[in-house]
Amino acid sequence: MNIHIKNGRVIDPANACDAVKDVYIANGQIQSVGEKPAGFVAQQSIDASNKWVLPGFVDLNASLREPGYEHKATIQSETKAAVSAGYTSICCLPDTQPVLDTPSVVQLILDKAALAGSAKVLPLGALTVGLQGKALSEMYALKKAGCVAVSQAPNNTIDNQILRRALQYASTHDLLVILKPEDISIKDDGCIHDGSVSSKLGLSGIPVSAETVAIAQMIELAEETGARIHLTGVSSARAVTMIARAQATNDAISADVHAYQLSLTEFDVGTFDANYHTSPPLRSVEDRDALVAGVAKGILSVSSGHRPHEAEAKQAPFPATEPGISSLETVLPLMLTLVDEGILDLSQMVSRLTDGPSVTLGLATGRLSEGAPADLCIVDPDKTWLVDEEHWFSQGINTPYLGHQMKGKVTHTLVNGHLVFEE
């Protein structure tokens, strides 16, 4: 279908564009931004007056739960949640059952995503068989089957000798490796940040060193093997410093932070609300501020860290609950809050959600270039909405923002030129 999006403010950092322009779409691709192509006849028009037209968001870190954990979420429910939030491509972590470590599971996920007809699902193959951290997976076969990268996340149960061999293998086949920087032995049985709040509540803490020791090892092994690595879900000021230093000499190292880590801190855990139980944990105010600065400087891109759960997963004493937030649908308003506060400018915000992750993955998405896939969203930046079950698309409603008023709402999302969401 030929689609004409008119009168919108087009914000496309990859092409240095921020102006009111029309967008013309045909054959699933961007035909033009600005001038009407010769002979173009629109079959559908969308008036984006007083709205923003942005490249579709790309998520580097989401658990879709299916196959195996459909009681938590399904590919259909979570890709619908994704497009309602402006995401057109989402990386699916390999923590499924069976684990995403064979081409047959890759194909199953791709088939389910195609049937759902919402966001594109980009499978992340398991780095090791069963995510057990012992035997290497057939990474090249996973790449040929459609995996955009391999990953040991959301856990890091792997010793350094196995990781070194895995990075050598991945480097040979030019595969990006996505890792969660966490030393399991230092983390031990901790459930929140090791600080004043953990002491006050009597809960076991997770020190920052659980993250930084892992980062130091991962960076060193990447340097030695020549592998491309992406550190996902970093949470501390020290981590930002270490990553910035590594990036100064090695452009094959990238990283992201979960959006809610730019807003919440350890003090939010004070009520024992298990919806604040996250992994990595919510850290100090100083850590949060350093993460925001890292995003502003381009050291970090932004991921959702989406972990949908059934209600029972959060209904136990805090340490016994499952960590994670259902977070796709709150990323945009949380980021817009930083823009409204003058901490990020609009171009920085859009870039960290679009072309930043796309460059990391080596994709042609995240930009509105002529000939690029017509993956985009339209945002009403002034629209307010209530986080409640009526306005929620994810199957998991485990969010600490339930009952909160949010500002900024996606009104339309297009994937490959198809209108897959309209408010």
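In this report, the structure presented in the accompanying data block is examined.

Conventions and cut-offs
- Residues numbered from 1 in each chain as written.
- Predicted model: local features only at pLDDT ≥ 70, side-chain atom pairs only at ≥ 80, totals over all residues.
- Heavy atoms only, no water.
- Helix = DSSP H or I, 4+ residues; strand = E, 2+ residues; numbered from the N terminus.
- Rg over C-alpha atoms; globule rule 2.2 N^0.38 Å.
- Buried < 20%, exposed > 50% of the residue type's maximum accessible area, 1.4 Å probe, protein only.
- Contact = heavy atoms within 4.5 Å.
- 1 Å grid on protein atoms, 1.4 Å probe; cavity = no way out; pocket = protein on both sides within 12 Å on 5 of 7 lines; lining within 4 Å.
- Points joined across faces, edges and corners; volume = space filled by probe spheres on them.
- Nonpolar A, V, L, I, M, F, W, Y, C, P; charged D, E, K, R; others polar.
- Expected span 1.5 Å × (residues − 1).
- Polar contact = N/O pair within 3.5 Å; in protein donor to acceptor, adjacent residues only side chain to side chain.
- Salt bridge = Lys/Arg side-chain N within 4 Å of Asp/Glu carboxyl O.

Of regular secondary structure, the protein chain possesses 12 helices and 18 strands. Against the 2.2 N^0.38 benchmark of 22 Å for 423 residues, the protein chain shows a C-alpha radius of gyration of 21 Å, consistent with a compact globule. A principal-axis box enclosing the C-alpha atoms of the protein chain has dimensions of 65 × 45 × 45 Å. Within the protein chain, buried positions represent 60% of all 423 residues. When contacts within the protein chain are restricted to residue pairs at least 6 apart in sequence, those whose partners lie at least 24 apart make up 73%.

By volume, the largest pocket is sized at about 420 Å³. Forming the boundary of the largest pocket are 22 residues, of which Arg65, Asp95, Pro154, Asn155 and Glu322 lie nearest the centre. Of the residues assigned to the lining of the largest pocket, the class counts are 5 nonpolar, 9 polar and 8 charged. Counted as a void, the second largest pocket has a volume near 310 Å³. Forming the boundary of the second largest pocket are 19 residues, of which Ile253, Ser254, Gly356, Val359 and Thr360 lie nearest the centre. The biggest single contributor to the lining of the second largest pocket is helix 12 (residues 355-361), with 4 residues.

A few words on helix 9 (residues 285-296). Here helix 9 is 12 residues long and its end C-alpha atoms lie 17 Å apart, about the 16 Å a rise of 1.5 Å per residue gives. Listed in full, the buried residues belonging to helix 9 are Asp287, Arg288, Ala290, Leu291, Val292, Gly294 and Val295. Packed against the buried residues of helix 9 are strand 11 (192-193), helix 8 (237-247), strand 14 (253-258), strand 15 (301-303), helix 10 (331-340) and helix 11 (346-353). Backbone geometry just downstream of helix 9 places glycine 298 in the positive-phi region, at approximately 85°.

On to the side chain of serine 63, then. Looking at the secondary structure, you find serine 63 in the loop between strand 6 (57-62) and helix 1 (75-84). Taking relative accessible area as the criterion, serine 63 reaches 0% and is therefore assigned buried. A polar atom in the side chain of serine 63 sits 3.1 Å from the side chain of aspartate 95. Once residues lying within four places of it in the same chain are set aside, the contact partners of serine 63 are Leu93, Asp95, His306, Arg307 and Pro308.

This brings us to the pattern of salt bridges. Across all of its chains, the model carries 13 salt bridges by this definition. Put simply, lysine 180 and glutamate 182 hold a salt bridge, and the shortest N to O gap is 3.8 Å. No difference in accessibility class separates lysine 180 from glutamate 182, as the two residues are buried. A salt bridge links lysine 187 to glutamate 182; the nearest nitrogen and oxygen atoms lie 3.8 Å apart. Take glutamate 182: its relative accessible area is 4%, and that puts it in the buried class.

Nothing here speaks to function; it is geometry throughout.
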